[in-house]
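Structure assessment
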Amino acid sequence: MNALTAQAGAVRTTCPYCGVGCGLLAVVDAGQGVTIAGDPAHPANFGRLCSKGAALAETLSLEPRLLHPMMRQADGALARVEWNSALDAVAGGLRAIAERDGPDAIAFYLSGQLLTEDYYVANKLMKGFIGSSNVDTNSRLCMASSVAGHRRAFGADTVPGVYADLDEADLIVLVGSNAAWCHPVLYQRMMAARHRRNTRIVVIDPRRTATAEDADLFLPLAPGMDAALFCGLLVHLNDMQTLDQNYIAAHTMGFAEALARAREIAPNIAATARATALPEMDVAWFFSLFRQADRVVTCYSQGVNQSAQGTDKVNAIINVHLATGRIGRAGMGPFSLTGQPNAMGGREVGGLANQLAAHMGFSPAEVDRVRRFWDAPRLAAREGLKAVDMFEAIERGAIKALWVMATNPAVSLPRAGAMRAALTKLELFVVSENVRSNDTTEAGVHVLLPAAAWGEKDGTVTNSERRISRQRAFLPPAGEARPDWWIVCEIARRLGFGRAFDYRTPADIFREHAALSAFENEGRRDFDIGELASLTDSDYAALEAMMWPCRAGEARAERRLFAAGGFFTDSRRACFVVPDLPLLHAASSETFPLRLNTGRVRDQWHTMTRTGMSQRLCAHSPEPFVEIHPNDAAAADLDDGGFARITTRYGSAILKVSITAGQQSGSIFAPIHWSDATAAHARVGDMVSGATDPLSGQPEAKATPARIERVDYAYRGFALTRRPITLPAGVWFARLAVAGGNGLLLATNDPPATCHDFAVRLMRDGTDFAEYVDQSRDLIRIAAFHSGRLEGVIFVGPAAAPPRWDVVRTLFASAALGESERRVLLSGRSGEGMAETGPLICACFEVGLAAIRDAIVTGAATDVAEIGRALRAGTNCGSCVPELRKILERVRQVV
Ligand code: SF4
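1. Things to note about unusual backbone geometry
Put simply, Trp548 and Pro549 share a cis peptide bond, and its omega is 0°. Checked against the element boundaries, Pro549 lands in the loop between strand E19 (546-547) and strand E20 (574-575). Positioned with a positive phi, Arg466 is a non-glycine residue whose angle comes to about 70°. Structurally, Arg466 can be placed in the loop between strand E17 (459-462) and strand E18 (467-471). A residue is classified by how much of its surface remains accessible, and Arg466, at 0% relative accessible area, is buried.

Pasting the structure below:
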């Protein structure tokens, strides 16, 4: 048993999901049950959690875990092997390929879910000792444009501000950021500031998201036109003589050229309005809010980064903050909200192919410095292939060996279908994973290495505000799982580099990482945590969340950067960057008249391998969907709640239709989370263009030309089973966790009678069936019992009146049913005392739509606060508050 599990008290750790980096308290009870709560002492969240963090304890099941190393055998099947066999095979394969084809035939694909220590050794092995820079990360898909923008403007990948700026801002501008769903704890911090000090909120996004619901001003600009808007703002502030000329003169360069270019793009309010397709009045309002607010924070995330002009967009935002001197002081600055828990830690150690380590690049002096520090004569001297280029090199056969750690690229990459097919060409395909099966491991993996999961790992992560926090283990590793850093070091040892990877613990690695950050630094590089290079093991174990930089001899403190210049360019001045014309990468056409925008839903994370285990988190958006404007829906003859096929040049998917005026006409939106493991034909990554920003290499995930067409299914229904089951080919389904087992929402053109055959095939010997068949209405309902326990149900009926599963799901959760409950079960209707819950709205307190509607209709709740008092909905993380407000409006309209 891990020593920490024996402790009576809570283990302080951090959330494994988004870049907010919330602190958590994990308590393991004697029966090995786990309770998770927010850590009131952690400065990122002060005890608050969103629905995802609050449901973490529901995601610790060992059922889907990879528990032992596995290798593909001569018969093509994967079989369990000893660790030594797996490690020898990986090291032998890497050595043979490097000797035959050179080190650039090998690539590592890492993840923002890795801990900094894991990331550090993987980068060191690849760049320092194998001798290639082909090591990139899924963070390339998340914030590479912010990195490139920071480096162009500041000379380093530095986030100047801190979260406390959100408490002190007069104006918060959110650009391409659905923070209410994607950074909920920070968003609630913004809302608190709004209530406390009347902070104004402006939301800039082509899509009316939940974040826009609480905004003072929502600017639904034309897709891709963010840079034009900020160019217009720069020109306006200049023409109104509200720039900080002292700051510009003392600390920057290139202002005149940037202003001239901005003037060409958006010379005045009217031109800005035309370029962005916004009402002139709204543009003027935004400009005046910005001009008049002393303290402004501009937060941006994937809507800015995931763009073929992402770096220019980032720099257009930074230009305005530099020109007004609104940077590095309380309540002001540009602020990149990072998607992943450790995207920033990955950047610190050089997890990107175009960085070396400790925020160094590939200049001869930097290469020499790292070579000497690591004593690595074969250190790679040039940049490697960024994510999309790397997988295209696999597709071409130029890369022969790939090691994927802690990520699912067969789902998340652009052109994901083609990339998944490319993986089958590899001579050596290694995956370090928590789960036994996902779309990547099913793509012909040769060696599967069981990695320790969140809760079992020990190390550090860095959040969006440069705050390093400890992730601490509170559970023993499952099965034979091992930490990623240990796996990498074992491979390094087998490759003959044991001396350079002779670490006993993550603390050893962290000390070396800290020492490298300070090595020959002397204030030249932003990332310096030299003060931590001499931590003892117990100091490291007890390390409190702290912010970098923290140079040797300096006290640990929360620092803003650049208020008085001190940039990391050669001249120590910040650079204004002249943006290119903000043109969309790919225009729509007759064949593909729409633009596909992709993103996230409130309660899921990435490819759902963890959040998909929580029945609470699955309940809010249970099926993959596409949002479309009513006009576009009418043109395509789509029904709300029906199905549609989306097609792009790269792939297609069939998704549920959600018609909403929040979606701009001409654009459609689909979430990224579903894979072949969780749905039929719903891999949105398959459809995304492989176009990238020329500087950052970040893919354009917001504007792939697409078309949409109606799909009809004659029958709809659901199945609930204790064990996961596979449905016949041709049946559309979405798989989700439900209380007591697995749920499948399905649609099919097969007659309902086939469900009967299907159910019979599935059930074990001794299974009793109860069934209700109404051939005149095309209805079939089957329940299977084993030793009196409800084993599974399948209900199918006509698509026009699909069976509802609320009541059946509630009965399924309890398993042992009495006679009357059995009757209720097959009726599908609520029995005495059983309320239909409707779709889940508040995941934290599991409050469904029916209860909220009742409270409004009966007058028990007349506003959001009263809903909270009556039902608790919206009173924890607050992510559902915009939805509660909409429900209030809708119900009031009909009562
Ligand atoms: S906001 Fe939610 S997902 Fe993000 S770190 Fe905090 S609890 Fe985790």
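Still more ground to cover, so stick around.
2. Focus: helix H8 (residues 226-239)
Across its 14 residues, H8 extends 20 Å between first and last C-alpha, which sits within 8% of the 20 Å expected from 1.5 Å per residue. The element H8 is extensively covered by neighbouring structure, given that 13 of its 14 residues are classed as buried. Backbone geometry just after H8 places Gln241 at a positive phi near 55°.

3. Details of the site of the ligand
Taken together, the neighbourhood of the ligand is formed by Cys15, Tyr17, Cys18, Val20, Gly21, Cys22, Leu49, Cys50, Lys52, Gly53, Pro184 and Val185. Only helix H1 (51-54) and helix H7 (184-197) provide two or more residues apiece to the shell around the ligand. Residues belonging to the shell around the ligand are distributed by class as follows: nine nonpolar, two polar and one charged.

4. Description of the sheet that holds strand E8 (residues 171-175)
Read from one edge to the other, the open sheet built from five strands follows the order E10-E9-E8-E12-E13, with strand pairing classed as parallel. Here the strands that pair on one side only, and so sit at the sheet edges, are strand E10 (217-219) and strand E13 (333-336). Each strand axis lies, on average, 15° off the axis of its neighbour in the sheet, ignoring direction. As defined by bridge partners, strand E9 (residues 200-204) adjoins E10 across three bridges and the pair is classed as parallel. Its bridge partner being in E10, Val203 is matched across the sheet by Phe218. Taken strand by strand, H7 contacts E8, E9 and strand E12 (296-300), and its axis lies near 140° from that of E9. Running at roughly 175° to E12, helix H14 (residues 310-323) makes contact with E8, E12 and E13 of the sheet.

About the cut-offs
- Every chain is numbered on its own, with residues counted from 1 as its sequence reads.
- Given that this is a predicted model, residues contribute local features only at a pLDDT of at least 70 and side-chain atom pairs are listed and counted only at 80 or more, while totals for whole chains, interfaces and linings are drawn from all residues.
- Only hydrogens and water are removed before side-chain values are computed, so all heavy atoms of the structure are retained for them.
- Every helix listed is a DSSP run of H or I at least four residues long, and every strand listed is a run of E at least two residues long, numbered separately from the N terminus.
- Any residue under 20% of the maximum accessible area for its type is buried, any over 50% is exposed, and the rest in between are partly exposed; the area is computed with a 1.4 Å probe on protein chains only.
- Working rule for helices: expected span equals 1.5 Å times residues minus one.
- Here, proximity means that at least one heavy atom of the residue falls within 4 Å of the molecule or strand.
- Classes in brief: Ala, Val, Leu, Ile, Met, Phe, Trp, Tyr, Cys and Pro nonpolar; Asp, Glu, Lys and Arg charged; the others, Gly included, polar.
- The pairing criterion for strands is at least two bridges between them, as found by DSSP.
- Think of each axis as a best-fit line through the C-alpha atoms, taken over the contacting stretch in the case of a helix, with angles from 0 to 180 degrees between the N-to-C directions.
- Any pair of residues with heavy atoms lying within 4.5 Å of one another is described as a contacting pair.

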